[in-house]
Amino acid sequence: MHSIARQSALALVLLALPIAAYADLVGSVVKIQDGDSLTVLVGKRQVKVRLTEIDTPERGQPFGTRARESLSELCAGKEARVVDKGKDRYGRTLGRVYCASVDTSAEQVRRGMAWVFDRFVTDRSLYTLQDEAKAARRGLWADAKPVPPWEWRRLKDRGEAK
């Protein structure tokens, strides 16, 4: 009987591990790198965060500066809650970020400052926001032929980006 209780307790601990590994982070936004990356001070630790499900124009790409300014308006100096989704290949925390209770991924798409990142999207409602931004020609959608950042990076690597 004692063995069954111990096994049950162990099973509960093992089930809780994935939840603990991706617990929400809360801290102050201390830096905005670009339109989809920021740094949050959690306690005494700086955590670089890549917003999930979206991709914004790169530095040097049309609307890259405006996308960064938009994220700065939303988050700079504010408290942020990061729903931790793991790490990317650069060691950054991947997360859905909420600044002043605003979902920054959704707001960047709504403002026309980001594309829904098809390869990584799980929140299908972001497509509705993107369609609305396109129809209203907000942000990058004011451009006649906006180039998604994943294509722009590929063209840049080949020396073809403008």
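About the cut-offs
- Residues numbered from 1 in each chain as written.
- Predicted model: local features only at pLDDT ≥ 70, side-chain atom pairs only at ≥ 80, totals over all residues.
- Heavy atoms only, no water.
- Salt bridge = Lys/Arg side-chain N within 4 Å of Asp/Glu carboxyl O.
- Buried < 20%, exposed > 50% of the residue type's maximum accessible area, 1.4 Å probe, protein only.
- Helix = DSSP H or I, 4+ residues; strand = E, 2+ residues; numbered from the N terminus.
- Patch = residues over 30% accessible without salt bridge, like charges linked within 9 Å, V, L, I, M, F, W, Y side chains within 5 Å.
- Areas by Shrake-Rupley, 256 points an atom, 1.4 Å probe, with all protein chains shown as cover.
- Lys, Arg positive; Asp, Glu negative; His and termini not counted.
- Charge placed at Lys NZ, Arg CZ, Asp CG, Glu CD.
- 1 Å grid on protein atoms, 1.4 Å probe; cavity = no way out; pocket = protein on both sides within 12 Å on 5 of 7 lines; lining within 4 Å.
- Points joined across faces, edges and corners; volume = space filled by probe spheres on them.
- Nonpolar A, V, L, I, M, F, W, Y, C, P; charged D, E, K, R; others polar.
- pLDDT = per-residue confidence, 0-100.
- Contact = heavy atoms within 4.5 Å.
- Core = buried A, V, L, I, M, F, W, Y, C linked by side-chain atoms within 4.5 Å.
- Pairing = 2+ DSSP bridges.
- Expected span 1.5 Å × (residues − 1).
- Phe/Tyr/Trp six-rings, centres within 6.5 Å; stacked < 30°, edge-to-face > 60°.

Time to look at the pattern of salt bridges. Applying the stated criterion to the full structure yields 12 salt bridges. Close ionic contact of Arg-50 with Asp-55 constitutes a salt bridge, the shortest N to O distance being 3.2 Å. Its relative accessible area of 10% is what places Arg-50 among the buried residues. Residue Asp-55 is classed as buried on the basis of its relative accessible area, which comes to 1%. For Arg-153, the salt bridge identified is with Glu-58, shortest N-O distance 2.4 Å. With Arg-153 in helix α5 (residues 149-157) and Glu-58 in the loop between β4 (54-55) and α2 (64-75), this residue pair connects regions lying 95 residues apart in the sequence. With a relative accessible area of 28%, Arg-153 lands in the partly exposed category. When its relative accessible area of 22% is taken as the criterion, Glu-58 is described as partly exposed. Among the ionic contacts, a cluster of salt bridges with common partners joins Asp-36, Arg-50, Asp-55, Glu-58 and Arg-153.

A contiguous patch of positive charge, built from Lys-31, Lys-48, Arg-59 and Arg-68, is present on the exposed surface. Locating Arg-68 in the fold gives a position in helix α2.

The next point concerns the layout of surface pockets. In this structure, the largest pocket encloses a volume near 650 Å³. Looking at the largest pocket, it is lined by 22 residues, and the ones nearest its centre are Arg-50, Asp-88, Arg-92, Phe-117 and Phe-120. Those elements giving two or more residues to the lining of the largest pocket turn out to be β3 (45-51), β4, β5 (79-87) and α5. Looking at side-chain class alone, the lining of the largest pocket contains seven nonpolar, two polar and 13 charged residues.

Attention now goes to the confidence of the model for the protein. Looking at the protein, pLDDT values average 88 and 85% of them are 70 or higher. Confidence drops under a pLDDT of 50 for residues 9-21, and excluding neighbours within four residues, the segment shows one contact in the predicted structure.

This part is about the nonpolar core. Ranked by internal contacts, the top residues of the largest apolar core, which has 24 residues, are Val-29, Leu-38, Val-40, Val-49, Cys-75 and Val-97. Sorting the residues of this core by element identifies β1 (25-34), β2 (37-42), β3, α2, β5, β6 (93-99), α3 (104-110) and α4 (125-136) as the ones contributing at least two each. Beyond its immediate stretch of four places on either side in the chain, Val-29 contacts Leu-38, Thr-39, Val-40, Cys-75, Ala-76, Gly-77, Lys-78, Ala-80 and Cys-99. Grouped together as the second largest cluster of nonpolar side chains are five residues, Phe-63, Trp-115, Ala-133 and Trp-141 included.

With four bridges connecting them, β1 and β5 associate as antiparallel partners. Each residue of the ladder has a partner; that of Ser-28, found in β5, is Glu-79. One ladder, built from six bridges, connects β5 with β6; its direction is antiparallel. Along β6, the bridge assignment pairs Val-82 with Val-97. Hairpin connection of β5 to β6: five residues between the antiparallel strands, including Gly-91 at a positive phi of 85°.

On to α2, then. With 12 residues, α2 should cover 16 Å at 1.5 Å per step; its first-to-last C-alpha distance of 17 Å lies within 8% of that length. Lining the buried residues of α2 we find β1, β2, β3, β6, β7 (102-103) and α3.

Below, the discussion takes up the packing of aromatic side chains. Two numbers describe a pair of aromatic rings. These are the distance of the centres and the angle of the planes. The full count for this structure, using the stated rule, is four aromatic pairs. Where Trp-115 meets Trp-150, the ring centres are 6.3 Å apart and the plane angle is 70°; that geometry is what we call edge-to-face. Of this pair, Trp-115 sits in strand β8 (residues 115-116) while Trp-150 sits in helix α5, and the two are 35 residues apart along the sequence. Ring centres 5.4 Å apart and planes at 10° place the aromatic pair Phe-117 and Trp-150 in the stacked group. Placement of Phe-117 in the loop between β8 and α4 and of Trp-150 in helix α5 is noted, with a sequence separation of 33 residues between them. For Phe-117, a relative accessible area of 9% corresponds to the buried category. With relative accessibility at 28%, the residue Trp-150 sits in the partly exposed group.

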